[in-house]
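Examination of the molecular architecture
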Amino acid sequence: MHPETRLSCADLLPPGRMVTSDEGDGGVQPLWLSNGSATAELWTRMHAEHTRSGLWPLLLDSLDPSDDEFRPWGSGEVFPEQMSSPASHDPACLLPQWWATYTAVDEDDDMFDTDRRLAVTAPFGRTWPGLVPSRETATNPDQLATEFAQAFLANRPHTRLGLVAATSGGEALTVAGWAGPCNYDNDTAKFSAVVRDWEDRFGARVVAVGFSTLHLSVAAPPVDEHDALLVAAEHFAFCPDNIWQSSSPYTLTAYAERITGAHHWDFWWD
């Protein structure tokens, strides 16, 4: 995939290069990476071009902004051939499976004893509460994504632009070979499947991705305590480090308060 062959206006692109994956014989190039920092205007233009180009724009962050390799993107630490297809996974099955794993009581766990582990996911304990129904919103998801991209770049001006041949941001994570959650599961397609579901249910859009971080804009966030707790449970199943490694208190209830009405969701895997 060379982006200039997919764009109606090739002059939209700044200088950049195709990234070659470290895996295999070096013949897989899953994404294009700009040489320099992205701009909000460029991301917005490429996002608007997506329906014609088929290229999803990602704001790509690095493990260390001072590292010339710009890991994992510039260094080729991406592994698309290891991934399955997002279409092969059902979020309604994945999330409760993950929930069961992370709420299981482990007597040898040095992080939480039994009582503290169950307190983390109160009021649900070890019982999976189910998915949150879709919510209607008057907010335009793509306009919100543009606003979030502007704010993200203001805080991280070193961020570069990536282009991935994908139908959505959720799919782009797998196509690009991103391995951010590998400490929990090596198959990013599973996480893509959940994000694609959030795109439908919450008007989520993948805006930025780092070495082990993920940043979504959200047009229809939970607005009451009940829905916020259910969304928090989904987030815990998707990325338990958001709560386990959070600032105290390490509880679903505290996390739910933080995401109530929040139009961006940030995830990081330790």
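One can find the structure itself at the top, above this paragraph.
Let me begin by describing the structure that accompanies this report. (Residues numbered from 1 in each chain as written. Predicted model: local features only at pLDDT ≥ 70, side-chain atom pairs only at ≥ 80, totals over all residues. Heavy atoms only, no water.)

**Let's talk about the side chain of Thr-103**
Mapped onto the elements, Thr-103 comes out in helix H2 (residues 91–103). Beyond its immediate stretch of four places on either side in the chain, Thr-103 contacts Arg-117, Thr-121, Gly-125, Arg-126 and Phe-236. (Helix = DSSP H or I, 4+ residues; strand = E, 2+ residues; numbered from the N terminus. Contact = heavy atoms within 4.5 Å.)

**Overview of the packing of helix H6 (residues 188–202) against helix H7 (residues 225–238)**
Put simply, H6 and H7 touch, their axes get as near as 11 Å, and they point 160 degrees apart. Here H7 runs roughly antiparallel to H6, going by the angle between their axes. As H6 packs across H7, the resulting crossing turns out to be left-handed. Contact residues: H6 offers Phe-191, Val-194, Val-195, Trp-198, Arg-201 and Phe-202, while H7 offers Val-231, Glu-234, His-235 and Phe-238. Tallied by class, the residues present in the contact of H6 with H7 amount to seven nonpolar, one polar and two charged. (Axes fitted to C-alpha atoms, helices over the stretch in contact; angles between N-to-C directions. Parallel < 35°, antiparallel > 145°, perpendicular 65-115°, else oblique. Left-handed = near helix turned anticlockwise from the far one by under 90°. Nonpolar A, V, L, I, M, F, W, Y, C, P; charged D, E, K, R; others polar.)

**So, the pairing of strand S5 (residues 204–209)**
On a regular strand, each side chain points to the face opposite its neighbour's, so the side chains alternate between the two faces of the sheet. Most of S5 is tucked away: six of the six residues are buried. Judged from the two bridges that link them, strand S3 (residues 55–60) and S5 form a sheet pairing that is parallel. Counted as the bridge partner of Leu-59 is Ala-208 from S5. Summarising the sheet, S5 and strand S6 (residues 213–218) pair through five bridges and their orientation is antiparallel. When the sheet's bridge partners are listed, Ala-204 is paired in S6 with Val-218. Between the antiparallel neighbours S5 and S6 lie three residues. (Buried < 20%, exposed > 50% of the residue type's maximum accessible area, 1.4 Å probe, protein only. Pairing = 2+ DSSP bridges.)

**Here we look at the side chain of Ser-34**
Within the fold, Ser-34 resides in strand S2 (residues 31–37). At 2.7 Å, the side chain of Ser-34 forms a polar contact with the backbone oxygen of Gly-36. Setting aside residues no more than four positions away along its own chain, Ser-34 makes contact with Pro-14, Pro-15, Gly-16, Arg-160 and Leu-161. (Polar contact = N/O pair within 3.5 Å; in protein donor to acceptor, adjacent residues only side chain to side chain.)

**With respect to unusual backbone geometry**
Geometrically, the link from Arg-71 to Pro-72 is a cis peptide bond, its omega value of 0 degrees lying close to zero. As for its placement among the helices and strands, Pro-72 is situated in the loop between S3 and H2. Put simply, Ala-122 and Pro-123 share a cis peptide bond, and its omega is 10 degrees. Here the phi dihedral of Phe-70 falls at roughly 55 degrees; this positive angle occurs in a residue that is not glycine.

Any link to function would need more than the numbers given here.
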